[in-house]
Amino acid sequence: MVILGDRYNFSKIDIERLKKNFNTISHISYKNISTRESISKVEKALKSQNHSIIILNTKGKLPNKFLTYLTKLEIKGVQYISLEGFLEKYLNKCYIDHQTNSNRFLDDIHPYTPFQYCQKRFIDFVAIALLFPIMVVSIIYSWYRVRKESPGPLFFRQKRIGLAQSEFTCIKLRSMGVDAEEDGAKFATTNDPRTFPWGAKLRDTKLDELIQLWNVLKGEMHFVGPRPERRIWTKEFERSIPYYNQRHVVAPGITGLAQIKYQYGSGRLDAQQKLMYDLYYIKHWSIILEIKVIWKTALFVLTKKREDLSNF
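So, here's what we can say about the structure. Because the structure is a prediction, the values reported are computed rather than measured. (Residues numbered from 1 in each chain as written. Predicted model: local features only at pLDDT ≥ 70, side-chain atom pairs only at ≥ 80, totals over all residues. Heavy atoms only, no water.)

With 62 residues, the main nonpolar core has Phe10, Phe86 and Leu87 as its most contacted residues. With eight residues, helix H11 (residues 268–283) is the largest single contributor of residues to this core. (Core = buried A, V, L, I, M, F, W, Y, C linked by side-chain atoms within 4.5 Å. Buried < 20%, exposed > 50% of the residue type's maximum accessible area, 1.4 Å probe, protein only. Helix = DSSP H or I, 4+ residues; strand = E, 2+ residues; numbered from the N terminus.)

Okay, structure coming up:
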């Protein structure tokens, strides 16, 4: 494939996943070059490598001469596709544009229909029924280990932002010391030093979050959905990331598309990447997508490998 332009910076994770679908990946910068020169570079790339698709990753509108050239390539079997369409089709992400003034993107981000909501709740109750025994066992054993390794409360309760930006109390099995945030709010990280031995195991296996089935039962969360964040972070991200508050048009979840596609992250850039997956999930929700996320979550918990695009 040929990436034409520099509008979106494909990450290493993106490139690794795309290599599963494309043998060769070439990048052609579109900055400060003439139409003739850009066409010449594309022709050279097509001749030197077996490219079959061109991603229009440009910031401005392409001139008519270049569009005519692309249509001629299409006749020869070389496909061209917009950045937005490519990210959704091949990377399961919705592109977030910081420069556009158009709100058309918001038309596709909407709450679940009544029928979709009924499907979601059915899956929620099935998950509760199947995972309840595991949750009970983890609570009992964690009570024993936490008492030995980190004396203090077994449960950790924290206010999180849910549907329509309403606040609710999210519950977890405590995996960090009681003084974990004595210096202020911090993002959790991989191999977080604030955890105690059994707490690290809880986080690694995601058993600390399984008790959130209680929140699911109460209707504050779904089993699958965008992960709920604290208000301190949502306020910060809403100021710097377009459409961030759109993730609140649906209730949050214990697991989600962003959790199986993206690693632990902290800060604005990671939050934006996760948001792209969350918006894709909301925009393209279906019972098939729901089942895929659940299946990939189970595989991740068992293998600790995040599923790549080609297998999704």
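On we go from here.
With that settled, consider the pattern of salt bridges. Inspection of every chain in the model, using the stated rule, returns 13 salt bridges. The partner of Arg7 in a salt bridge is Glu84, and the shortest N-O contact between them spans 2.7 Å. Of this pair, Arg7 sits in the loop between strand E1 (2–4) and helix H1 (12–18) while Glu84 is found in helix H4 (residues 83–91), placing the two residues 77 residues apart along the sequence. When salt bridges with common partners are traced through the structure, they connect Arg7, Glu84 and Asp97 into a single cluster. (Salt bridge = Lys/Arg side-chain N within 4 Å of Asp/Glu carboxyl O.)

One can describe the packing of helix H2 (residues 35–48) onto helix H3 (residues 64–75) by two numbers: an axis separation of 10 Å at closest approach and a directional angle of 20 degrees. In terms of axis orientation, H2 runs roughly parallel to H3. Where H2 crosses over H3, the two elements pack in a sense that is right-handed. From H2, Thr35, Arg36, Ser38, Ile39, Val42, Glu43 and Leu46 reach across to H3, where they touch Lys65, Phe66, Tyr69 and Leu73. Looking at the contact of H2 with H3, its residues break down into six nonpolar, two polar and three charged. (Axes fitted to C-alpha atoms, helices over the stretch in contact; angles between N-to-C directions. Parallel < 35°, antiparallel > 145°, perpendicular 65-115°, else oblique. Left-handed = near helix turned anticlockwise from the far one by under 90°. Contact = heavy atoms within 4.5 Å. Nonpolar A, V, L, I, M, F, W, Y, C, P; charged D, E, K, R; others polar.)

Of note in the backbone geometry, Ala164 takes a positive phi value of approximately 55 degrees without being a glycine. Within the secondary structure, Ala164 sits in the loop between strand E5 (155–161) and strand E6 (167–173). Judged by relative accessible area, Ala164 falls into the exposed class, the value being 64%. With a phi close to 70 degrees, Tyr243 is a non-glycine residue in the positive phi region.

Moving on, we come to the packing of aromatic side chains. Applying the stated criterion to the full structure yields 12 aromatic pairs. Consider the rings of Tyr30 and Phe66, whose centres lie 6.2 Å apart with planes at 80 degrees: the pair is edge-to-face. Here Tyr30 is found in the loop between strand E2 (26–28) and H2, whereas its partner Phe66 is found in helix H3, with 36 residues between them in sequence. A relative accessible area of 19% places Tyr30 in the buried class. With a centroid separation of 5.0 Å and 85 degrees between ring planes, the pair formed by Tyr141 and Trp198 is classed as edge-to-face. Taken together, the residues span a long stretch of sequence, with Tyr141 in helix H5 (residues 114–149) and Trp198 in helix H6 (residues 197–205) at a distance of 57 residues. Taken together, the aromatic side chains of Tyr8, Phe10, Phe22, Phe86, Tyr90 and Tyr95 make up a single cluster linked through ring pairs. (Phe/Tyr/Trp six-rings, centres within 6.5 Å; stacked < 30°, edge-to-face > 60°.)

This next bit is on a nonpolar patch on the surface. Residues Phe122, Val126 and Leu130 make up a contiguous nonpolar surface patch of roughly 330 Å² in combined accessible area. Residue class for Val126 comes out partly exposed when judged on its relative accessible area of 35%. (Patch = residues over 30% accessible without salt bridge, like charges linked within 9 Å, V, L, I, M, F, W, Y side chains within 5 Å. Areas by Shrake-Rupley, 256 points an atom, 1.4 Å probe, with all protein chains shown as cover.)

Quick look at helix H9 (residues 231–240) now. Looking only at H9, the buried set comprises Trp233, Thr234 and Phe237. Looking down the long axis of H9, one finds its buried residues gathered within 95 degrees of arc, a one-sided arrangement. Elements that come into contact with the buried residues of H9 comprise E5 and H11. (Arc of directions from axis to C-beta.)

Read across the open sheet, the four strands follow the order E2-E1-E3-E4; overall the sheet is parallel. Bordering the open sheet on either side are E2 and strand E4 (79–82), each of which pairs with just one other strand. Taken over all neighbouring pairs, the strand axes of this sheet differ in orientation by 20 degrees on average, direction set aside. As defined by bridge partners, E1 adjoins strand E3 (residues 53–56) across three bridges and the pair is classed as parallel. The residue bridging Ile3 from the neighbouring strand is Ile55, located in E3. Seen against the sheet, H4 touches E3 and E4 and runs at an angle of roughly 95 degrees to E4. (Pairing = 2+ DSSP bridges.)

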